Protein chains: 2
Amino acid sequence: MGTIRLRRFIQDMTRLVEAGGAEACLSQGASLLRQLVATADWLPPAFAEAGPRYRQYLLHCDPFERFSLVSFVWGKGQRTPIHDHGVWGLVGQLRGAEVSTEYRLGPAGTPPRPGRRDSLRPGEVATVSQATYDIHTVENAAPEVSISIHCYGGNIGAIRRRSFDPETGAAQAFVSGYANDTLPNIWAGSPAA
Amino acid sequence: MGTIRLRRFIQDMTRLVEAGGAEACLSQGASLLRQLVATADWLPPAFAEAGPRYRQYLLHCDPFERFSLVSFVWGKGQRTPIHDHGVWGLVGQLRGAEVSTEYRLGPAGTPPRPGRRDSLRPGEVATVSQATYDIHTVENAAPEVSISIHCYGGNIGAIRRRSFDPETGAAQAFVSGYANDTLPNIWAGSPAA
Ligand SMILES: [Fe+3]
Ligand SMILES: [Fe+3]
Ligand SMILES: [Mg+2]
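Treat the numbers as computed from the prediction; the structure is a model and nothing was measured.

With 32 residues of chain A at the contact, the number on the chain B side is 32 residues. Carbon and sulfur atoms make up 62% of the surface buried where chain A meets chain B, a total of about 2500 Å² over both sides. Per-residue buried area on chain A facing chain B is highest for Pro63, Phe64 and Trp187 of chain A; these three make up 27% of the total on that side. There are 0 salt bridges connecting chain A and chain B. In terms of residues, the side of chain A that touches chain B owes the most to one element, helix H1 (residues 2-19) of chain A, which gives 5 residues. Residues belonging to the side of chain A that touches chain B are distributed by class as follows: 17 nonpolar, 10 polar and 5 charged. Two strands pair when backbone bridges link them, and strand S12 (residues 182-184) of chain A and strand S12 (residues 182-184) of chain B are joined in this way by 3 bridges, in the antiparallel orientation. Directly across from proline 184 of chain A, in S12 of chain B, lies its bridge partner threonine 182 of chain B.

Listed below in structure tokens is the structure:
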């Protein structure tokens, strides 16, 4: 059952990126992601394990890197640095709760200033993009493990991005990578598997 | 290194199935598969383990099931029943040695008769299709574990196929499924992964 849900999302999202256009991917992708995070039972436990830092498990990447789907797992109190993406992104809350806080860069040497805050409860979806905001922090707002499912308009683990010093706003390049060497086999639900 | 090799095959094969045509997939796919099995170091050990029966590990399935890539792992003496595919297929030998023997169905109640035999050494590629032959057995022809990499024009683990009784030729439906719940993460080779 679970793998079929994930499979449908991947198929529908592949059709969206083939049709092209970041706006359509964001608006129609948000509907798809809302359906995906409407239940939490489909994520295999191997992609839901918390660690000493928040973890990013790749669930699927389009063969041409037009989109990727990632399970973010946050232990209690864990949060990201201030960072950007450079591609559109969708965040769907699966379990727990998270807060995304926008940051705006000021003059060189000054702290980035917080902007919009998005609080996410299970089943809710938020977006990042050049059209809304691209620089933020995300933090676990629940007293236990939180899990969100992210979909990005690229292979997010391989994209050269920037994090920003909270005191000076100074940018530093980073590539996040992924925590996992294996992906869910969404085609495993056949007899004799 | 290894995951990049696999990634390239998947990208190139996706372009081939998008262009369409079983003949192009077979002829150009054979070249791609020959490159893939030219070295054997890229297959992660989790997809190279033999079991009490031969195993079929899915490595990748196209989101629209236009092709699948499978690692077949054969213990000493293991062989398939006589079976068909219903889609084009490419078999590339990675380690060890295998023999594919064509079978032709006779009148009802009579044994299928063996036809063409393909002996495969590491680096070699054979094909199955309606244009050559679609019914065969495959057996491990080496005194140790053999591994071949198969690419099919569909999601082979989910296709309803037929096996044939060696005495009577009677057909029985089967769906092979896959041995694995996780796939290789071909995008894992990023920093901080
Ligand atoms: Fe982010
Ligand atoms: Fe076969
Ligand atoms: Mg030969």
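Counting 86 residues, the largest nonpolar core has Met13, Trp88 and Ile149 of chain A together with Met13, Trp88 and Ile149 of chain B as the members making the most contacts within it. Apart from residues no more than four positions distant in its own chain, isoleucine 149 of chain A is found in contact with Leu33, Leu36, Val37, Trp42, Leu59, Leu69, Val70, Ser71, Leu90, Val91, Gly92 and Leu94 of chain A.

What follows is about the pairing of strand S2 (residues 68-74) of chain A. All names here are of chain A. Of all the 7 residues making up S2, 7 are buried; the element is thus mostly covered by neighbouring parts of the structure. Burial along S2 is two-sided: the residues Ser68, Val70, Phe72 and Trp74 and Leu69, Ser71 and Val73 are all buried. Direction of pairing for strand S1 (residues 55-61) relative to S2: antiparallel, over a ladder of 6 bridges. Bridging across to S2, tyrosine 57 finds its partner in serine 71. As consecutive antiparallel partners, S1 and S2 are separated by 6 residues, and within that stretch glutamate 65 has a phi angle of approximately 60°, a positive value. In terms of strand pairing, S2 meets strand S9 (residues 146-152) through 7 bridges, oriented antiparallel. Bridging across to S9, phenylalanine 72 finds its partner in serine 148.

This next bit is on empty space enclosed by the protein. It is a probe the size of a water molecule, rolled over the atoms, that shows where empty space is left. In total, this model carries 3 cavities of 30 Å³ or more according to the counting rule given. When its volume is computed, the largest cavity comes out at roughly 210 Å³. Around the largest cavity, the lining is made up of 19 residues, and of these His60 and Leu183 of chain A together with His60, Cys61 and Leu183 of chain B lie nearest the centre. When contributions to the lining of the largest cavity are tallied by element, the ones reaching two or more residues are S1 and S12 of chain A together with strand S1 (55-61) and S12 of chain B. Put simply, the second largest cavity is a space of about 60 Å³. Taken together, Val91, Glu98, Val99, Ser100, Leu120, Ala126, Thr127, Val128, Tyr133, His136 and Val138 of chain A make up the lining of the second largest cavity. Counting only elements with at least two residues in the lining of the second largest cavity, the list comes to strand S5 (98-104), strand S7 (125-128) and strand S8 (136-140) of chain A. Looking at side-chain class alone, the lining of the second largest cavity contains 7 nonpolar, 3 polar and 1 charged residues.

Residue and element names in this part refer to chain A. When the UniProt feature table is mapped onto this chain, "binding site: Fe cation" (unreviewed entry) is found at His83, His85 and His136. Over a stretch of 54 residues, the named residues converge on one spot in the fold, their C-alpha atoms separated by at most 9.2 Å. The subset of these annotated residues that lines the second largest cavity comprises His136. With respect to the helices, strands and loops of the structure, histidine 85 is situated in the loop between strand S3 (82-83) and strand S4 (89-95). For histidine 85, the residues in contact, after removing those within four places along its chain, are Val128, Asp134, His136, Tyr152, Ile156, Ile159 and Arg161. Separated by 3.0 Å, the side chain of histidine 85 and the backbone oxygen of aspartate 134 make a polar contact. With a relative accessible area of 3%, histidine 136 lands in the buried category. Those residues in contact with histidine 136 that lie beyond four places of it in its chain are Thr80, Pro81, Ile82, His83, His85, Ser100, Thr101, Glu102, Tyr103 and Val128.

Criteria and cut-off values
- Residues numbered from 1 in each chain as written.
- Chains lettered and ligands numbered in written order.
- Predicted model: local features only at pLDDT ≥ 70, side-chain atom pairs only at ≥ 80, totals over all residues.
- Heavy atoms only, no water.
- Contact = heavy atoms within 4.5 Å.
- Buried area = accessible area lost by both parts, 1.4 Å probe.
- Salt bridge = Lys/Arg side-chain N within 4 Å of Asp/Glu carboxyl O.
- Helix = DSSP H or I, 4+ residues; strand = E, 2+ residues; numbered from the N terminus.
- Nonpolar A, V, L, I, M, F, W, Y, C, P; charged D, E, K, R; others polar.
- Pairing = 2+ DSSP bridges.
- Core = buried A, V, L, I, M, F, W, Y, C linked by side-chain atoms within 4.5 Å.
- Buried < 20%, exposed > 50% of the residue type's maximum accessible area, 1.4 Å probe, protein only.
- 1 Å grid on protein atoms, 1.4 Å probe; cavity = no way out; pocket = protein on both sides within 12 Å on 5 of 7 lines; lining within 4 Å.
- Points joined across faces, edges and corners; volume = space filled by probe spheres on them.
- UniProt positions renumbered as here; feature names shortened; annotations may be inferred.
- Polar contact = N/O pair within 3.5 Å; in protein donor to acceptor, adjacent residues only side chain to side chain.

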